[in-house]
Amino acid sequence: MEMNLMRDADLENRSVLLRVDFNVPINGGKISDDTRIRAAIPTINYILERNARLIIISHLGRPTSEREAEFSLKIVAEYLNDLIENKVLFAADTVDEEAKSLVEGLGNGEVLVLENVRYNQEEKANDEEFANKLASFGSVYINDAFGVSHRAHASVVALPKLMEGKAYAGMLLEKELVYANKILANPARPFTAIIGGSKVSDKIGVIKSLLSVVDNLIIGGGMANTFLLAKGYEIGKSLHEAEKLDLAGELIKLAKDKGVNLYLPYDVVTAKEFSANSEPHYFELAEIPDDEMILDIGPKTCEEFADVLNNSRLIVWNGPVGVFEMEAFSVGTRTIAAYLAASNAEVVIGGGDSAAAITQFGYADDMDHISTGGGAFLELMEGKTLPGVAVLHKGEN
Ligand code: AMP
């Protein structure tokens, strides 16, 4: 279905409501990673260049009804004020009378950041009355918050529905959807997906759906353990989901039926305890002692995975292949990241922990696309239409 895109919107001299994802990490009163703010700048500048008045809506963290000060967007508004040339104001409440008068006093080319939309319990309830108050602040709505577009929240779903056809996808959201389409509908081949992370149960949907489109599926991380167990290997005290054994077996069979090459680790790095101070040990799969747990893939596995990656033209990565937060067990994930950085294939990183790993290892600039939403990315990969995207389809609002 066709989408309403920001570049087709008439924004000249309008009051524009922009939903962004400014959910940045804050440590010791400082923004420790501004990636999400910078990612929204092209859309922000595009709107301001059209002489519009810009009202920014975002969430930050998960505040309760207590409205904890640590979740205030004030610090983000100040940061944005330093980052762009235009004047940035801040409204200390999302929708009160003061916010309203700040909106009314806004000049062309000026920006108003509204306080954390999740300070209002109505946001998560997708409350229409609350959305109505937001809607009264502008005549055009743009969603550039991919990371929350899988949530039916007021600023993502109820609000655009009230905009009488004037609800559009921003540039960042559009880019995310273009890549999802490249992956699911029109992939370059050979197409390889690397799926890692802690649990199979979180990623069953995405694995099933990818098995219909990929040529190669590489499974690493804690979730690989359940597959190894299903194949009859002893995995010591490694993390696994006993109740998902049958399912892992079914997925292995499905891969075979679909002609997908499924790759699992065959040598591993283990430890006696789940701790950064544990001594790393190396084992082939058949040799893992009862009192050891798998925490990373081994060097031979890295090489095999690298061969598959080198022969791919499109690669999607979601989830680390080991406990990358601990130095001793980060080698596998770091090696995969390095291969992806050097690869000629189109590389898409599916948000969440893999995006954090790529950034941590300094390879962010070498990727073709790093998705800004973990959960939203996985839902897209499952072939679902995100509620925040559905309302931007032509004729839906
Ligand atoms: P997820 O949120 O499902 O993508 O999982 C990411 C987490 O999986 C990271 O925090 C990793 O430390 C963890 N992880 C990766 N490999 C393993 C493993 N072999 N055992 C336990 N946890 C792991």
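Quick summary incoming for the structure in this document. The structure presented is a predicted model; accordingly, all values stated were derived computationally and were not measured. (Residues numbered from 1 in each chain as written. Predicted model: local features only at pLDDT ≥ 70, side-chain atom pairs only at ≥ 80, totals over all residues. Heavy atoms only, no water.)

1. Concerning the overall build of the protein
- Within the protein, the secondary structure is distributed over 14 helices and 17 strands.
- Taking 21 Å as the expected radius of gyration for a compact globule of 397 residues, we find that the protein reaches 23 Å, a close match to that expectation.
- With respect to the principal axes defined by its C-alpha atoms, the protein has extents near 70 × 45 × 40 Å.
- When the 397 residues of the protein are sorted by exposure, 54% land in the buried category.
- The contacts in the protein between residues at least 6 apart in sequence include a share of 73% that link residues at least 24 apart.
- Entry remark: accessible area of the protein is about 16800 Å², with carbon and sulfur atoms responsible for 45%. (Helix = DSSP H or I, 4+ residues; strand = E, 2+ residues; numbered from the N terminus. Rg over C-alpha atoms; globule rule 2.2 N^0.38 Å. Buried < 20%, exposed > 50% of the residue type's maximum accessible area, 1.4 Å probe, protein only. Contact = heavy atoms within 4.5 Å. Areas by Shrake-Rupley, 256 points an atom, 1.4 Å probe, with all protein chains shown as cover.)

2. Some points on unusual backbone geometry
- Residue Arg189 is joined to Pro190 through a cis peptide bond whose omega torsion reads 0°.
- Position of Pro190 among the secondary structure elements: in the loop between α6 (171-184) and β9 (191-195).
- Notably, Asn51 is not glycine yet its phi reads approximately 60°, a positive angle.
- Mapping Asn51 onto the fold places it in the loop between α1 (35-48) and β4 (53-57).
- Accessibility expressed as a relative area gives 35% for Asn51, which makes it partly exposed.
- Within the chain, Glu164 stands out as a residue other than glycine whose phi angle is a positive 50°.
- Here Glu164 shows up in the loop between α5 (154-161) and β8 (167-169).

3. Thoughts on the nonpolar core
- Membership of the largest hydrophobic core comes to 76 residues, with the highest contact counts inside it found for Leu114, Leu159, Ile207, Leu210, Leu217 and Phe227.
- Both domain 1 (6-170) and domain 2 (187-381) contribute no fewer than three residues apiece to this core.
- The residues contacting Leu159, other than those within four sequence positions of it, are Leu17, Ile57, Ala131, Leu134, Ala135, Tyr141 and Ala154. (Core = buried A, V, L, I, M, F, W, Y, C linked by side-chain atoms within 4.5 Å. Domains from an automatic or database assignment.)

4. Section: the pairing of strand β12 (residues 267-271)
- With five of five residues buried, β12 lies mostly within the body of the structure.
- In β12, alternate side chains face the same way, and those of Asp267, Val269 and Ala271 on one face and Val268 and Thr270 on the other are all buried.
- Sheet topology places β12 next to strand β13 (residues 281-284); four bridges connect them, and they run antiparallel. Bridge pairing in β13 links Val269 to Tyr282. (Pairing = 2+ DSSP bridges.)

5. Concerning the sheet that holds β13
- If you walk across this open sheet you meet the three strands as β13-β12-β14, and the pairing is antiparallel. Either end of the sheet is taken by a strand with one partner, and the two such strands are β13 and β14 (293-297). Geometrically, the sheet is characterised by an average inter-axis angle of 45° between neighbouring strands, direction not taken into account.
- Note: β12 against β14, four bridges, orientation antiparallel. Each bridged residue has a counterpart across the sheet, and for Ala271 the counterpart in β14 is Met293. (Axes fitted to C-alpha atoms, helices over the stretch in contact; angles between N-to-C directions.)

6. Focus: the layout of surface pockets
- Counted as a void, the largest pocket has a volume near 1200 Å³.
- Lining the largest pocket we find 41 residues, and of these Arg36, Ala355, Ser371, Thr372 and Gly373 sit closest to its centre.
- Of the residues assigned to the lining of the largest pocket, the class counts are twelve nonpolar, 17 polar and twelve charged.
- Looking at which domains feed residues into the lining of the largest pocket, each of domain 1 (6-170) and domain 2 (187-381) gives three or more.
- Space inside the second largest pocket adds up to approximately 570 Å³.
- Considering the residues around the second largest pocket, the lining is formed by 37 residues, among which Gly197, Ser198, Lys199, Pro320 and Asp353 are closest to the centre.
- Taken together, the elements giving at least two residues each to the lining of the second largest pocket come down to α8 (222-230), β14, α12 (352-360) and α13 (374-381). (1 Å grid on protein atoms, 1.4 Å probe; cavity = no way out; pocket = protein on both sides within 12 Å on 5 of 7 lines; lining within 4 Å. Points joined across faces, edges and corners; volume = space filled by probe spheres on them. Nonpolar A, V, L, I, M, F, W, Y, C, P; charged D, E, K, R; others polar.)

7. Structural notes on the site of the ligand
- Taken together, 15 residues lie around the ligand, and Ser198, Gly222, Ile294, Glu325 and Asp353 are the ones closest in.
- Note that a nitrogen atom of the ligand is positioned 3.1 Å from one of the backbone N or O atoms of Gly222.
- Contact with the protein chains covers 83% of the free accessible surface of the ligand, which is 510 Å².
- Most atoms of the ligand, that is more than half of them, are within 2 Å of grid points of the second largest pocket.
- For the shell around the ligand, the class distribution of residues is six nonpolar, five polar and four charged. (Near = heavy atom within 4 Å. Polar contact = N/O pair within 3.5 Å; in protein donor to acceptor, adjacent residues only side chain to side chain. Sits in = over half its atoms within 2 Å of the grid points.)

8. Some thoughts on empty space enclosed by the protein
- The tally for this structure, following the rule as stated, stands at one cavity of 30 Å³ or more.
- By volume, the largest cavity amounts to about 60 Å³.
- If you trace the largest cavity, you find it lined by Val20, Asp21, Phe22, Arg36, Ala39, Ala40, Asp144, Ala145, Phe146, Leu172 and Thr372.
- The class makeup of the residues in the lining of the largest cavity is seven nonpolar, one polar and three charged.

9. Comments concerning the environment of Val308
- Looking at the element boundaries, Val308 is found in helix α10 (residues 299-310).
- When the C-alpha positions of Val308 and Tyr263 are compared, they lie 9.1 Å apart, and in sequence the two are 45 residues distant.
- Non-local contacts of Val308, meaning those with residues more than four positions away in its chain, are made with Thr192, Asn216, Ile218 and Tyr263.

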